[in-house]
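This is what each chain is made of:
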Amino acid sequence: ADTISLPAKNGNVTFEHKKHQESLKDCKACHEKGPGKIEGFGKDAAHKLCKGCHETKKAGPTKCGECHKK
Ligand code: HEM
Ligand code: HEM
Ligand code: HEM
């Protein structure tokens, strides 16, 4: 899917999968064990992975409301 909706009760997160695939060009940045469902993906893992990268690269959203939209 080009866009994956990640459900969260404080507002679902719209994840542009294709855009990240094309800009990062590295599946393993997110899929250590190969493409598909990410084992143990949830609040803590997502914050570490998603927010962590955005902070490191100083690109992409790092504030709650920039990812979680009601
Ligand atoms: C999950 C809060 C920032 C992406 C969650 C959940 C909470 C939460 C409470 C769990 C929701 C549930 O169990 O239904 C917050 C707060 C933030 C914050 C308070 C600010 C301090 C962010 C940012 C991003 C993000 C900046 C994106 C870069 C996600 C994702 C999930 C999630 C992808 C997991 C959805 C899933 O389980 O598939 N967040 N969040 N959050 N958050 Fe955040
Ligand atoms: C889900 C492939 C890159 C994050 C998936 C799925 C596939 C896949 C097959 C499951 C089916 C679907 O819902 O579409 C790939 C390939 C990549 C790539 C081939 C490289 C070209 C990335 C990158 C990230 C990422 C770079 C993070 C920035 C995710 C997430 C899910 C997902 C969060 C949902 C996981 C879940 O629901 O457990 N990917 N992906 N992917 N991908 Fe990727
Ligand atoms: C931009 C979400 C993981 C790098 C964004 C945006 C969102 C987002 C909402 C802004 C909208 C957009 O421009 O498309 C997420 C979520 C992630 C995730 C929910 C986890 C599933 C990552 C990871 C990296 C990354 C792991 C780096 C390894 C970037 C960059 C941008 C960005 C560089 C801004 C530039 C661009 O659009 O390519 N992300 N992201 N993200 N993200 Fe993520």
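All values derive from a computational prediction rather than experimental measurement.

> I would appreciate a short explanation of the site of ligand 1 in the present structure.
Of all residues adjacent to ligand 1, which total 20 residues, the nearest are Lys9, His47, Cys64, Cys67 and His68. Contact between ligand 1 and Lys9: an oxygen atom at 2.8 Å from a main-chain N or O atom of the residue. Contact distances for ligand 1 include 2.8 Å between a nitrogen atom and a side-chain N or O atom of His68. Contributions of two or more residues to the shell around ligand 1 are made by α2 (43-57) and α3 (64-67).

> Please explain the coordination of the iron atom of ligand 3 as it appears in this structure.
In ideal tetrahedral geometry, four donors around a metal make angles of 109.5 degrees, whereas ideal octahedral geometry with six donors gives angles of 90 or 180 degrees. Donor atoms from the polypeptide that coordinate the iron atom of ligand 3 comprise His20 (NE2) and His54 (NE2), at 2.0 to 2.1 Å from the metal. Coordination geometry of the iron atom of ligand 3: the six donor atoms subtend angles of 87 to 180° at the metal centre, consistent with an arrangement described as octahedral. Residue His20 is located in helix α1 (residues 17-24), and its partner His54 is located in helix α2; the two are separated by 34 residues in the primary sequence.

The rules behind the values
- The residue count restarts for each chain, going from 1 along the sequence in the order it is written.
- Starting at A for chains and at 1 for ligands, labels are handed out in the order in which the entities are written.
- It should be noted that, the model being predicted, local features are given only for residues of pLDDT at least 70 and side-chain atom pairs only at 80 or more, the latter also being counted only at that level, while totals for whole chains, interfaces and linings use all residues.
- Each side-chain value is worked out from all heavy atoms of the structure, with water and hydrogens disregarded.
- Note on definitions. A residue lies near a molecule or strand when any single heavy atom of the residue is within 4 Å of it.
- Polar contact is defined as a pair of N or O atoms within 3.5 Å, subject to the rule that within protein one atom must be able to donate a hydrogen and the other to accept it, and that residues adjacent in sequence are counted only when both atoms are side-chain atoms.
- Where helices and strands are cited, they refer to DSSP runs of H or I of at least four residues and of E of at least two residues respectively, numbered from the N terminus.
- Listed donor atoms are N, O and S within 2.8 Å of the metal (Na, K and Ca: 3.2 Å). As water is not included, a site may look incomplete.
- The geometry test gives tetrahedral to four donors whose angles all lie between 85 and 135 degrees, gives square planar to four donors and octahedral to six donors whose opposite members are over 155 degrees apart with all other angles between 65 and 115, and gives irregular to the rest.

Shape is all these values report; function is a separate question.
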